[in-house]
Amino acid sequence: MELTAALFDLCKGSSRPIIAIDGPAGAGKTTLAEHLSAALSLKYKCSTIHMDDLYNGWEAPFDHHFTDALTAACSSHQSSRRYSLSHFDWSKSEYGAAREMPQADLLILEGVGASHSLIRPMLTASIWIDIEPSQGLQRVLTRDGEAIASHMQNWLTQQEELFNEHHSMSAADFVLTTG
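Figured I'd write up the structure that's included with this text. (Residues numbered from 1 in each chain as written. Predicted model: local features only at pLDDT ≥ 70, side-chain atom pairs only at ≥ 80, totals over all residues. Heavy atoms only, no water.)

With that out of the way, let us pick up the packing of aromatic side chains. Tallying each qualifying case throughout the model produces 11 aromatic pairs. Here the aromatic rings of W58 and W155 are separated by 6.0 Å at their centres, their planes lie at 85°, and the arrangement is edge-to-face. Note that W58 is positioned in the loop between β2 (46-50) and α3 (64-78) and W155 in helix α5 (residues 149-166), a separation of 97 residues in sequence. Taking the relative accessible area as the measure of exposure, W58 reaches 21% and is therefore partly exposed. Judged by relative accessible area, which is 5%, W155 ranks as buried. Geometrically, the ring pair formed by F62 and F66 is edge-to-face, given 5.8 Å between the ring centres and 75° between the ring planes. (Phe/Tyr/Trp six-rings, centres within 6.5 Å; stacked < 30°, edge-to-face > 60°. Helix = DSSP H or I, 4+ residues; strand = E, 2+ residues; numbered from the N terminus. Buried < 20%, exposed > 50% of the residue type's maximum accessible area, 1.4 Å probe, protein only.)

Now the structure itself:
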């Protein structure tokens, strides 16, 4: 069974499905989220939350700001409540004003930490995309520029600690590999 068909099947069993796409930096999570949103929008009104908007910058990306926003978004989606999120402005290194998020039938979470153990019970499906760390780093630097190279070295350590603490890969329903 192909991934999209499997996700359609899993989503049938949930009135408010949530799909998480997690994995290391540079693995292709955003691209997969775009493809899945397009495919799943044949049946569902989809909304995507990018974890890059929720991180608390380079130094403490996965702190309580991140987990509070992620938990609030998922619980609000499941109960069909409107909600707002403050998005991190990377150029100013601070959170901006809260913005109301679009209502949707299906919520897609994409980015490092998208399948965080705090929200795992709310997930309909979790997808892990794996990539060799140095290859992922090179893809990020090609995409975002060498100016973030020093930040990315620290990021790789932080993401690995997060993945180990929350058993992100082993808890995934689907594991994909990019190369």
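Next up on the list: the sheet that holds β2. Taking strand neighbours across the sheet as the criterion, the five strands line up as β2-β5-β1-β6-β7 in an open arrangement whose pairing is parallel. The open sheet has two edge strands with one neighbour each: β2 and β7 (174-177). This sheet shows a mean twist of 20° between the axes of neighbouring strands, independent of strand direction. On top of the sheet, helix α2 (residues 29-40) reaches β1 (18-22), β2, β5 (106-110), β6 (125-130) and β7; it is set at about 170° to β5, its chief contact. (Pairing = 2+ DSSP bridges. Axes fitted to C-alpha atoms, helices over the stretch in contact; angles between N-to-C directions. Contact = heavy atoms within 4.5 Å.)

Right, let's get into the environment of M122. Positionally, M122 belongs in the loop between β5 and β6. The buried category is assigned to M122, whose relative accessible area is 16%. The spacing of M122 and P17 is 105 residues in sequence and 8.4 Å in space, taken between C-alpha atoms. Non-local contacts of M122, meaning those with residues more than four positions away in its chain, are made with I18, T71, C74, S75 and Q78.

Let us now look at the packing of helix α1 (residues 3-12) against α2. α2 packs onto α1 with a crossing angle of 60° between their chain directions and a minimal axis gap of 11 Å. Considering the angle they form, α1 stands oblique to α2. Relative to α2, α1 is oriented so that their crossing is right-handed. Of the residues in α2, those in contact with L3, T4, L7 and F8 of α1 are L32, L36, A39 and L40. Residues of the contact of α1 with α2, tallied by class, amount to seven nonpolar, one polar and no charged. (Parallel < 35°, antiparallel > 145°, perpendicular 65-115°, else oblique. Left-handed = near helix turned anticlockwise from the far one by under 90°. Nonpolar A, V, L, I, M, F, W, Y, C, P; charged D, E, K, R; others polar.)

Another point: the pattern of salt bridges. Within this structure, the stated rule accounts for three salt bridges. For K12, the salt bridge identified is with D9, shortest N-O distance 3.3 Å. Linking K12 with D9, this pair stays in helix α1, spanning three residues, or about one helical turn. We classify K12 as exposed; its relative accessible area is 56%. Residue class for D9 comes out partly exposed when judged on its relative accessible area of 42%. The salt bridge partner of R143 is D144, with a shortest N-O separation of 2.9 Å. Residue class for R143 comes out exposed when judged on its relative accessible area of 56%. On the basis of relative accessible area, D144 is assigned to the partly exposed category, the value being 41%. (Salt bridge = Lys/Arg side-chain N within 4 Å of Asp/Glu carboxyl O.)

Here we take up the pairing of strand β4 (residues 94-100). Pairing geometry for strand β3 (residues 84-89) and β4, over five bridges, is antiparallel. Directly across from F88, in β4, lies its bridge partner Y95.

The subject of this paragraph is the side chain of T124. Structurally, the position occupied by T124 is in the loop between β5 and β6. With residues near it in sequence (within four places) discarded, T124 still touches L10, C11, S14, P17, I18 and D173.

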